[in-house]
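# What the coordinates show
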Amino acid sequence: MAFLEVKNLDKSFPIKGGVFQRTVSSVKAVSGVSFSLNKGETLGIVGESGCGKTTLGRTLVRLYEPSAGDIQFDGKDLVKASKSALKEIRKDFQMIFQDPFASLNPRMSVRAIIEEPLKLNKIGDQQERQEKIDKIIKLVGLRPDALNRYPHEFSGGQRQRIGIARSLILNPKLIIADEPVSALDVSIQSQILNLLVELQKKLGLTYIFITHDLAVVKYISDKIAIMYLGKIVEFGSVDDIFNKTKHPYTKALLASILVPDPAKRGHSEALGGDVPSPANPPSGCVFHTRCKFAMEVCKNKIPEMKSVAGSNSHQSACFLND
Ligand code: SF4
């Protein structure tokens, strides 16, 4: 069995309305997501904002309760795990967030920030904890004197290194990184990406890397999932996605990164209009309202994820590939 095996995962949120704030409807933020990931691999999850990629990341580690589906993580059933079992399993996965400053308590020293997860999980005595912290701060490329300083004294890249150190202190097996470099300058982005790649090799980590940036995902991933309105519409290796692209949405995303003006990226002719509301998704293929290849069948029938002929790894959900 794969290290992480996800089958038909759904996550819906209720929409409340009326005087009594009753549930009147629901939004399906994640719908029928399935994939598998081996130990030491990186899965890049890509899509425009509002496509459900952050919700998927949080549902995978039960920060949001799944509405349906199955998650097997390192041989354990994550969906059925009791609260106490989940607390134990949670040590094995950690998150890295987009804005490290927001996730670092400004009143705590870097030492206290990195030590906090150890204390909360009652791991080691004072000396053992200090030894772990001294090791981890070097591992993320910061000097030991950083431990006695406070988050506001650091640059964005250094703060992300502190965030990474805190994520690694419990020796996790899986890291979910949600846009971890998108708030950083381009030159700093590559330093943090290189650090993550280096740490993966040294520590045997498995990554789920959530981003809207195809260049970043191409650099860091082994497998890529393209998401649109809560669904994975194409899945494959970096070569499958970039060189043997099948799905019209992936093609449009790739075309949009070739637009020279960064402000206009994502709004190229290839990808006209905005993502429809997940509260009222289009019928049939959810991409049909923006797809320049849409046919009559696309409005009425939902295309299934199917293996691309001649490939074990590559899948796409489009009638054109039938
Ligand atoms: Fe476009 Fe139809 Fe394929 Fe959807 S199923 S991506 S609408 S061609």
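All figures in this text were calculated on a predicted structure; none of them were measured in a lab. (Residues numbered from 1 in each chain as written. Predicted model: local features only at pLDDT ≥ 70, side-chain atom pairs only at ≥ 80, totals over all residues. Heavy atoms only, no water.)

### Some points on the pattern of salt bridges
One pass over the structure, following the stated rule, counts 15 salt bridges. For the salt bridge of Glu-65 with Arg-62, the shortest nitrogen-to-oxygen distance reads 3.2 Å. As a salt-bridge pair, Arg-143 and Asp-145 come within 2.9 Å of each other at their nearest N and O atoms. Several salt bridges share partner residues, and in doing so they unite Asp-74, Lys-76, Asp-92 and Lys-173 into one network. (Salt bridge = Lys/Arg side-chain N within 4 Å of Asp/Glu carboxyl O.)

### As for the side chain of Asp-240
Assignment of secondary structure puts Asp-240 in helix H9 (residues 238-243). Among buried Asp, Glu, Lys and Arg side chains, Asp-240 stands out as unpaired, with Lys-244 the closest opposite charge at 4.3 Å. Those residues in contact with Asp-240 that sit more than four places away from it in its chain are Glu-234, Thr-245, Ser-311, Ser-313 and His-314. (Helix = DSSP H or I, 4+ residues; strand = E, 2+ residues; numbered from the N terminus. Buried < 20%, exposed > 50% of the residue type's maximum accessible area, 1.4 Å probe, protein only. Lys, Arg positive; Asp, Glu negative; His and termini not counted. Contact = heavy atoms within 4.5 Å.)

### Quick notes on the sheet that holds strand S5 (residues 76-77)
In space, the four strands of this open sheet follow the order S2-S1-S4-S5, with antiparallel pairing throughout. Either end of the sheet is taken by a strand with one partner, and the two such strands are strand S2 (22-37) and S5. Contacts from helix H1 (residues 53-60) reach strand S1 (4-17), S2 and strand S4 (68-73) within the one sheet, and its direction differs from that of S1 by about 115°. (Pairing = 2+ DSSP bridges. Axes fitted to C-alpha atoms, helices over the stretch in contact; angles between N-to-C directions.)

### Considering the site of the ligand
The full set close to the ligand counts 13 residues, and Cys-285, Cys-291, Cys-298, Cys-318 and Phe-319 are the nearest of them. When each cavity is represented as a set of grid points, the ligand is found to reside in the largest cavity. The class makeup of the residues in the shell around the ligand is eleven nonpolar, two polar and no charged. (Near = heavy atom within 4 Å. 1 Å grid on protein atoms, 1.4 Å probe; cavity = no way out; pocket = protein on both sides within 12 Å on 5 of 7 lines; lining within 4 Å. Sits in = over half its atoms within 2 Å of the grid points. Nonpolar A, V, L, I, M, F, W, Y, C, P; charged D, E, K, R; others polar.)

### Observations regarding the packing of helix H4 (residues 110-120) against helix H6 (residues 156-168)
Two numbers describe how H4 lies on H6: the axes approach to 8 Å, and their chain directions differ by 30°. Judged on the interaxial angle alone, H6 and H4 are roughly parallel. Viewed along their axes, H4 and H6 form a crossing whose handedness is right-handed. Every residue of H6 that contacts H4 at Val-110, Ile-113, Ile-114 and Pro-117 is listed here: Ile-162, Ala-165 and Arg-166. Residues that form the contact of H4 with H6 fall into these classes: six nonpolar, no polar and one charged. (Parallel < 35°, antiparallel > 145°, perpendicular 65-115°, else oblique. Left-handed = near helix turned anticlockwise from the far one by under 90°.)

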